[in-house]
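Examination of the molecular architecture
This is what each chain is made of:
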Amino acid sequence: MPDMLSKLPLLPDFKIRSRAGVVEFPVHHMRGGTSTGLVIWEPYAPPDMGLREELLRHLMGVPLVGERPGNRQIGGLGRGPATSNKVFFADMEFVDGAPRIVSTLAQLASYTSAIDWSVNCGNMSAALPFWALDTGLASCEGSGPWSIDIRNTNTGVITSARLQVRADATVAASEIPGVDGAFPGVDLFLHAPVGAKTGKLLPTGNVRDEVGGYTVSCVDVAVPMVIADARQFGKTAHEPIGELEADLRFMSELKRVWIEAGLRMALKTRDGALMAAEQLAKSETVPKVCIVGASQSGGHLSVRYFTPQTGHASLAVSGGCCLAAAALIPGTVAYDVAQRIPQVSARFEDCQVDIENPAGILTATIVARQAEHGMEIKSAAYRRSAQILLRGHVPLYRASAPLRSWLALGS
């Protein structure tokens with residue numbers, strides 16, 4: 001392991017170490033938007049995927065092998081829902097002399113050892129600029145706006161993060177739905193977000209499809225998503241998420257829809273193979289699925305969002321960007337449900353879409369124009385807040401001999 005791993009620029013003691021015979025691994029435990037998880041410096045992680053995934057299971061407290069329904073993750077830093085089971089591996093690269101964060105997301109689930117490497121997380125991405133500044137891998141001088149790009153290896157999407165730095169070197173705070181209080185804020189701009197997983201704005205080629213007896217729209221902006229009118233299920237998109245999850249018939253029907261829609265969207269695994277129905281049935285990440293309804297609190301439409309196995313307490317920002325884009329496309333389910341939706345002009349302009357969700361209103365801005373062959377999207381933007389919950393070391397009490405051996409090289 002190279003000498004560079006002995007320390008980070010601002011955190012000289014932040015390194016792999018051993019104490020009382022137990023290897024201890026350094027992590028940042030962070031919140032980004034309405035998600036929580038870990039950020040790990042990429043060079044610290046084993047390059048061998050088997051060891052890397054073992055490390056994640058120890059850190060987050062998921063089963064080391066197979067499945068364990070009902071696991072509460074008492075032995076790790078993960079906490080139940082998908083929104084609290086995220087880990088970013090991050091590092092820096094330079095493009096034309098400018099620093100850029102490189103991120104790779106691992107999505108875990110409480111009950112299984114399986115790890116999904118196929119998607120990004122817009123919420124947790126908000127934590128990455130603060131991680132880079134905290135470690136000293138990036139720096140900002142003076143006051144005013146400070147920006148840094150983030151390249152996500154899972155999807156290839158490049159995001160620009162913009163912070164407002166005050167004269168006292170603190171970052172201007174923002175309040176967002178689902179988080180109590182104001183914390184350091186960041187505006188995130190997704191560049192060329194269309195076709196993140198399928199290469200197409202409309203993966204099936206249609207604005208509407210009949211899937212499993214339901215009319216849906218399949219859209220891929222930042223993330224592939226299946227959008228259905230809540231009324232088809234006898235719902236309103238104003239129900240508490242817990243109430244929807246407790247309706248087993250509804251959840252079963254929703255699952256049947258996302259599996260068939262996923263097949264029609266030709267979704268693929270990270271290695272490029274088409275996902276089979278069995279894989280889609282177990283997927284924790286794709287496709288996202290939501291039901292939409294009329295707004296009640298001044299937004300353009302209301303949503304209840306699923307990731308897909310579980311309901312989201314608010315609305316993932318990547319899903320929010322996708323739904324906002326869908327609401328601007330004439331003929332989609334979202335467009336037909338939305339009220340007072342802005343019309344896309346013939347030149348690129350900001351189109352703001354306000355989406356009501358269980359935590360409040362998420363505002364997404366889509367930079368789009370209406371072209372001869374349909375809508376073109378240049379970027380999508382949203383505002384989040386983030387915080388460092390803690391930085392420190394996690395003892396790996398049950399690490400295998402191969403993992404201990406590899407990590408010992410960095411201690």
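Notes on the structure in this doc start here.

Reading the values: the criteria
- Residues numbered from 1 in each chain as written.
- Predicted model: local features only at pLDDT ≥ 70, side-chain atom pairs only at ≥ 80, totals over all residues.
- Heavy atoms only, no water.
- Helix = DSSP H or I, 4+ residues; strand = E, 2+ residues; numbered from the N terminus.
- Expected span 1.5 Å × (residues − 1).
- Buried < 20%, exposed > 50% of the residue type's maximum accessible area, 1.4 Å probe, protein only.
- Polar contact = N/O pair within 3.5 Å; in protein donor to acceptor, adjacent residues only side chain to side chain.
- Contact = heavy atoms within 4.5 Å.
- Phe/Tyr/Trp six-rings, centres within 6.5 Å; stacked < 30°, edge-to-face > 60°.
- Core = buried A, V, L, I, M, F, W, Y, C linked by side-chain atoms within 4.5 Å.
- Salt bridge = Lys/Arg side-chain N within 4 Å of Asp/Glu carboxyl O.
- Pairing = 2+ DSSP bridges.
- Axes fitted to C-alpha atoms, helices over the stretch in contact; angles between N-to-C directions.
- Parallel < 35°, antiparallel > 145°, perpendicular 65-115°, else oblique.

Let's talk about helix 1 (residues 49–60)
- Taking 1.5 Å per residue as the helical rise, helix 1 with its 12 residues ought to reach 16 Å, and the 16 Å between its terminal C-alpha atoms agrees with that figure.
- Helix 1 sits mainly inside the fold: 10 of its 12 residues count as buried.
- If you check which residues of helix 1 are buried, you get Leu51, Arg52, Glu53, Glu54, Leu55, Leu56, Arg57, His58, Leu59 and Met60.
- Between the side-chain oxygen of the N-cap and the backbone nitrogen of Gly50 there are 3.1 Å, and the N-cap of helix 1 in question is Asp48.
- One or two residues past the end of helix 1 sits Gly61, with phi positive at roughly 80 degrees.

Re the environment of Gly242
- With respect to the helices, strands and loops of the structure, Gly242 is situated in helix 4 (residues 241–246).
- The exposure class assigned to Gly242 is partly exposed, which follows from its relative accessible area of 47%.

As for the environment of Thr112
- Considering the arrangement of structural elements, one finds Thr112 in strand 6 (residues 112–116).
- On the accessibility criterion, Thr112 (8% relative accessible area) is buried.
- Between the C-alpha atom of Thr112 and that of Arg68, which follows or precedes it by 44 residues, the distance is 6.2 Å.
- In this structure, Thr112 is in contact with Val62, Pro63, Gly66 and Glu67, ignoring residues within four places of it in sequence.
- Reaching out from Thr112, the side chain makes a polar contact with the backbone nitrogen of Ala114 at a distance of 3.1 Å.

Considering the packing of aromatic side chains
- Counting across every chain of the model gives six aromatic pairs.
- Centroid distance Trp41 to Tyr44: 5.1 Å. Interplanar angle 85 degrees. Geometry classified as edge-to-face. Judged on exposure class, the residue Trp41 and its partner Tyr44 are both buried.
- Here Phe89 and Trp117 contribute two aromatic rings whose centre-to-centre distance is 6.0 Å and whose plane-to-plane angle is 20 degrees, an arrangement assigned as stacked. Of the two residues, Phe89 sits in strand 4 (residues 86–95) while Trp117 sits in the loop between strand 6 and helix 2 (122–125), which places them 28 residues apart along the sequence.

Focus on helix 3 (residues 128–135)
- When you tally the buried positions in helix 3, you get eight out of eight residues, the bulk of the element.
- One or two residues past the end of helix 3 sits Gly136, with phi positive at roughly 85 degrees.

Quick word on the nonpolar core
- Within the largest apolar cluster, 131 residues are counted, with the highest numbers of intra-cluster contacts made by Phe25, Leu59, Ile227 and Leu323.
- Of the residues forming this core, the biggest block, eight residues, is contributed by helix 7 (residues 317–327).
- Discounting chain neighbours no more than four positions away, the residues touching Leu323 are Met225, Ile227, Cys290, Val292, Leu301, Val303, Ala334 and Ile355.

Quick word on the pattern of salt bridges
- Summed over the entire model, instances satisfying the criterion amount to 15 salt bridges.
- Note that Asp187 is salt-bridged to Arg162, the shortest N-O span being 3.7 Å. Of this pair, Asp187 sits in strand 10 (residues 183–191) while Arg162 sits in strand 8 (residues 158–165), and the two are 25 residues apart along the sequence.
- Note on Asp187: relative accessible area 11%, which makes it buried.

Some points on the pairing of strand 12 (residues 214–221)
- Burial analysis of strand 12 places eight of its eight residues in the buried class, which makes it a mostly covered element.
- Across three bridges, strand 11 (residues 209–211) lies against strand 12 in antiparallel orientation. Each residue of the ladder has a partner; that of Glu210, found in strand 12, is Thr215.
- Hairpin connection, strand 11 to strand 12: the antiparallel pair is bridged by two residues, and Gly212 has positive phi, about 60 degrees.
- Pairing of strand 12 with strand 13 (residues 223–229) involves six bridges; the strand directions are antiparallel. When the sheet's bridge partners are listed, Asp220 is paired in strand 13 with Pro224.

What to know about the packing of helix 1 against helix 9 (residues 401–408)
- One can describe the packing of helix 1 onto helix 9 by two numbers: an axis separation of 10 Å at closest approach and a directional angle of 95 degrees. The angle between helix 1 and helix 9 places the two elements in the roughly perpendicular class. Where helix 1 approaches helix 9, its residues Leu51, Glu54, Leu55 and His58 are matched on the opposing element by Pro402, Leu403 and Trp406.

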